Each structure stands twice: as C-alpha cells, then as structure tokens.
Amino acid sequence: MDLLIGGIAAVGAGVFTNPLEVIKTRMQLQGELAAKGQYTVHYRNILSASYVIIKHDGILSLQAGLTPALWFQFVMNGTRLGTYQILYDKGYTKDKNGNSIFYKSVLVGGVCGMLGAWTGSPLYLVKTHLQAQAAKEIAFGHQHNHEGAWQAFKHIYNAQGIKGLFRGGASSMPRAFSGSTSQLTSFSYCKEWLLNYPTFQNSPVLTAFVASMTSGVVIGLCMTPFDLIALRLYNQGVDANGKGLLYNGYLDCVGKIWSAEGFLGFYKGLSASYIRLGPHTVLSLVFWDKLKDLFKQFNIT
C-alpha cells in the first residue's frame with residue numbers, strides 16, 4: 001500500500017506539472033554544445049517558451065509525453081516514496097530516541113530514489129524523446145520523430161532490444177540520488193521543525209505545503225545540473241550499434257558541456273526547473289501526506 005500511495009500521489013502531481021516538464025526539456029536542450037551567442041534563442045523564459053511552443057506545435061504539445069510521464073511518475077515515485085516510507089517506519093532514518101539522523105536520511109532517500117529511477121528508466125526515455133520533439137523552426141537536440149509512446153517503445157526495442165530501453169539509465173542514478181535525497185531529507189526536517197510551532201500542529205495541509213515549498217527550492221538547486229546531463233544522454237541519437245552520436249558516456253557529456261557551454265550551461269532551464277519542481281514537489285508530497293492519513297483513518301475504522 002505504501003508503494004501504491006506514493007505512485008498515486010506522484011501521478012496526481014504529474015497531470016498538473018507535465019506542461020512545465022515539456023518547457024524545461026526544451027530549454028535544457030536549447031543551444032546544446034554551443035556557446036552563448038552562437039545559437040538562436042527561441043525559449044527566453046517560461047512565458048516565451050509557452051507562447052513559442054503553442055504557436056509552432058499547438059496547445060496540446062504542452063502535454064507531450066503525458067502517458068509515459070504519468071506511468072514514469074507512478075513507477076518511479078511509487079517505488080521511491082513507498083520504499084522510503086517503509087524504511088522510515090522501520091526506523092532506518094532515526095536514532096533510538098526517534099530523532100532523524102541526517103546522514104541516514106540522505107542515504108535512505110538517495111538509494112530509494114536510484115531504485116525508483118532505474119525501475120522507471122524506459123518510461124523516462126520515451127517521455128524525453130516525445131517532449132523534445134518540436135517543429136523544425138524551434139527544434140534543438142536530436143529529433144526521434146516518434147508517432148506516439150507505444151510506437152516509440154516498439155521502435156527502440158526492435159532496433160536495440162531491452163538494452164536500448166534502458167539506455168541512459170546509468171545517468172539517472174546521480175540525478176535520482178541528488179533529487180530524492182534533497183527532497184525527502186529537506187521535507188522531513190522542515191516538517192519536523194514546523195511541528196514545534198502551534199500554528200502548524202493542527203494544520204497538516206499547511207505544514208506539508210510549507211515543507212514542500214522549502215523542499216522544492218532545495219531540490220531545484222541540487223538536481224538541475226544532474227537533470228540536464230541525464231536529459232542530454234537520454235535524448236541523444238545513436239548509431240546502428242547503439243553508441244551515442246554526441247556523448248560517449250557520463251563523464252564525456254560533463255566535459256563537453258563544460259567546454260562548450262561553461263558552468264552556467266549546467267543550469268540551463270533552472271527557472272523552468274524550479275517552476276516545475278516547486279509545484280510538483282508541493283502537490284506530490286501534500287497528496288502523499290493526505291493519502292497516508294486517509295489510509296490510516298480507513299484502517300482504524
């Protein structure tokens with residue numbers, strides 16, 4: 001039930017935040033391996049990106065990749081949040097007195113995140129391909145030109161087998177560890193701190209909301225560079241042998257981005273990343289908290 005609750009909470013959040021994920025993806029691919037000033041900037045900010053995408057690709061394109069995105073949220077976060085809740089309840093993040101231990105929270109949150117990311121990697125791959133697809137005038141990055149999610153799975157599997165569906169999976173590990181541990185650790189600590197004040201003791205939704213907003217800031221700063229690297233590796237084209245056309249691996253990707261785009265290149269799409277992560281974190285963690293409360297009430301009655 002912990003796995004199911006975590007998955008449902010993330011799906012509920014994903015319905016609302018998928019358009020922001022599309023915008024973030026386009027902004028992070030913009031100017032791939034090109035120095036500032038050497039490429040046309042189509043996506044200047046979130047509002048500009050929304051207008052340009054709707055103008056060239058239609059309003060429905062803001063929900064590109066929604067089906068694999070929601071299944072990814074269900075599988076990845078169901079595994080991540082559910083496993084974390086099980087380990088949390090068993091006391092793996094606390095000392096004998098019930099107080100949270102920072103390094104244990106970091107490790108448990110990170111490991112749960114990596115487990116979830118690897119499990120959902122094929123869904124993330126297809127989601128990324130579909131969200132990166134754009135009209136020729138505004139396209140950046142490799143265009144896979146899939147006709148839909150199911151066709152994408154079939155094409156990748158027929159060309160590269162199971163291995164192809166998990167291509168880029170290794171790059172999701174640093175992304176998942178940094179994102180999951182920063183989110184869950186900051187959420188847990190902030191929530192515990194807020195409960196020391198009477199205002200929050202009788203307001204579980206307000207407590208979860210404030211803790212989630214704080215967590216969204218932390219995760220945005222910690223995860224964006226790893227998110228961008230993973231996105232580039234997932235989206236790159238491959239040759240007949242399944243070898244990447246742009247990057248030979250994780251470290252090669254990091255080196256090329258640093259050389260061509262500089263340090264700030266790793267933070268492309270930061271604003272879109274936070275605008276997406278903030279609401280997604282708030283919605284998923286608030287839904288998660290409320291669903292757990294409802295399940296407890298259901299069990300009691």
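Sequence order as written defines the numbering, with residues in each chain counted from 1. pLDDT decides what is reported in this predicted model: residues at 70 or higher carry local features, side-chain atom pairs at 80 or more are listed and counted, and totals for whole chains, interfaces and linings draw on all residues regardless. The basis for the side-chain values is all heavy atoms of the structure; hydrogens and waters are excluded.

A. Structural context of the overall build of the chain. Across its full length, the chain carries 11 helices and zero strands. Here a helix means four or more residues in a row that DSSP labels H or I, a strand means two or more in a row labelled E, and each is numbered from the N terminus. Counting from the amino terminus, helix and strand elements in the chain follow one another as α-α-α-α-α-α-α-α-α-α-α. Just to be clear, the radius of gyration here is over C-alpha atoms, and the globule rule we use is 2.2 Å times residues to the power 0.38. Its C-alpha radius of gyration of 19 Å places the chain within 12% of the 19 Å reference for a compact globule of 301 residues. Along the first, second and third principal axes, the C-alpha set of the chain runs to 55 × 40 × 35 Å. Pairs at least 24 residues apart make up 78% of the contacts formed inside the chain by residues separated by at least 6 positions. None of His or the chain ends enter the tally, which takes Lys and Arg as positive and Asp and Glu as negative. By convention, the charge on Lys lies at NZ, on Arg at CZ, on Asp at CG and on Glu at CD. Side-chain charges in the chain split into 25 positive and 15 negative, and the spacing between the mean points of these groups amounts to 1 Å. The contact rule is simple, with two residues in contact once any of their heavy atoms fall within 4.5 Å.

B. Spotlight on the nonpolar core. Working definition of a nonpolar core: buried Ala, Val, Leu, Ile, Met, Phe, Trp, Tyr and Cys residues. They are joined through side-chain atoms within 4.5 Å. Buried, partly exposed and exposed residues are distinguished by accessible area as a fraction of the type maximum, computed with a 1.4 Å probe on protein chains only: under 20%, between the cut-offs, and over 50%, respectively. Ranked by size, the top nonpolar core spans 18 residues in total, and within it Ile23, Met27, Leu29, Tyr43, Ile53, Ile138 and Ala272 carry the most contacts. Every element with two or more residues in this core is listed here: α1 (2-29) and α2 (46-57). Not counting residues within four places of it along the chain, the set of residues in contact with Ile23 comprises Ile46, Ala49, Ser50, Ile53, Leu62 and Ala272.

C. A look at the pattern of salt bridges. We define a salt bridge as a side-chain nitrogen of Lys or Arg found within 4 Å of a carboxyl oxygen belonging to Asp or Glu. Under the counting rule described, the total for this entry stands at eight salt bridges. For Glu21, the salt bridge is made with Lys127, and the minimal N-O distance between the two is 2.8 Å. Note that Glu21 is positioned in helix α1 and Lys127 in helix α5 (residues 121-132), a separation of 106 residues in sequence. When its relative accessible area of 3% is taken as the criterion, Lys127 is described as buried. For Glu261, the salt bridge identified is with Arg232, shortest N-O distance 2.9 Å. Linking Glu261 in helix α10 (residues 250-261) with Arg232 in helix α9 (residues 204-235), this pair joins segments that are 29 residues apart in sequence.

D. Structural context of the side chain of Arg232. By relative accessible area, which is 0% here, Arg232 ends up buried. Here Arg232 is in contact with Gln28, Leu29, Gln30, Glu32, Leu33, Tyr247, Cys253, Ile257, Glu261 and Lys268, once residues within four sequence places are set aside.

E. Region of interest: the packing of aromatic side chains. The criterion for an aromatic pair is that two Phe, Tyr or Trp rings (for Trp, the six-membered ring) have centres within 6.5 Å, with stacked assigned to planes under 30 degrees apart, edge-to-face to planes over 60 apart and tilted to the rest. All told, the structure shown has 12 aromatic pairs when counted by the stated rule. Plain terms: the ring middles of Tyr39 and Phe140 are 6.4 Å apart, the flat faces sit at 85° to each other, and that makes the pair edge-to-face. Of this pair, Tyr39 sits in the loop between α1 and α2 while Phe140 sits in the loop between α5 and α6 (149-165); the two residues are 101 residues apart in sequence, bridging distant segments of the chain. By relative accessible area, Phe140 is classed as buried at 15%. When the centroid spacing of 6.1 Å and the interplanar angle of 65° are considered together, the rings of Phe102 and Tyr189 count as edge-to-face. One end of the pair, Phe102, is in helix α4 (residues 102-119); the other, Tyr189, is in helix α7 (residues 172-194), and 87 residues separate them in sequence. For Phe102, a relative accessible area of 53% gives the class exposed. In this structure an aromatic cluster arises from ring pairing among Trp258, Phe263, Phe266 and Tyr267. Just above the ring of Tyr124 sits the side chain of Lys127; from NZ or CZ to the centre is 4.5 Å. Look at NZ for Lys and CZ for Arg. If either is within 6 Å of the ring centre and within 35 degrees of the ring normal, a charge sits over the ring.

F. The side chain of Thr93, seen in detail. Following the sequence through the fold, Thr93 ends up in the loop between α3 (66-89) and α4. Dropping the residues within four chain positions of it, Thr93 is found in contact with Tyr84, Leu87, Tyr88, Asn99, Ser100, Ile101, Lys104, Ser105 and Val108.

G. Seen up close, the environment of Ser215. The topology assignment puts Ser215 in helix α9. Spatially, the C-alpha atoms of Ser215 and Ser188 are 9.0 Å apart, while their sequence positions differ by 27 residues.

H. Quick peek at a nonpolar patch on the surface. Residues forming no salt bridge and having over 30% relative accessible area are the ones grouped into patches, like charges within 9 Å of each other and nonpolar side chains (Val, Leu, Ile, Met, Phe, Trp, Tyr) within 5 Å. Under the convention used here, a 1.4 Å probe and the Shrake-Rupley method define accessible areas, while residue burial counts only the protein chains that appear. Judged by side-chain polarity, Ile54, Ile59 and Leu60 come together as a nonpolar surface patch covering roughly 330 Å² of accessible area. Tracing the backbone shows Ile59 in the loop between α2 and α3. Ile59 gets classed as exposed once you look at its relative accessible area, which sits at 59%.

I. Spatial organisation of the UniProt feature "repeat: Solcar" (unreviewed entry) in the chain. UniProt positions are given in the numbering used here, feature names are shortened, and annotations may be inferred rather than shown by experiment. The UniProt record marks residues 1-90, 100-193 and 203-294 with the feature "repeat: Solcar" (unreviewed entry), using the residue numbering of this structure. Between the C-alpha atoms that bound residues 100-193 the distance is 11 Å, and the span itself is 73% helix and 0% strand.

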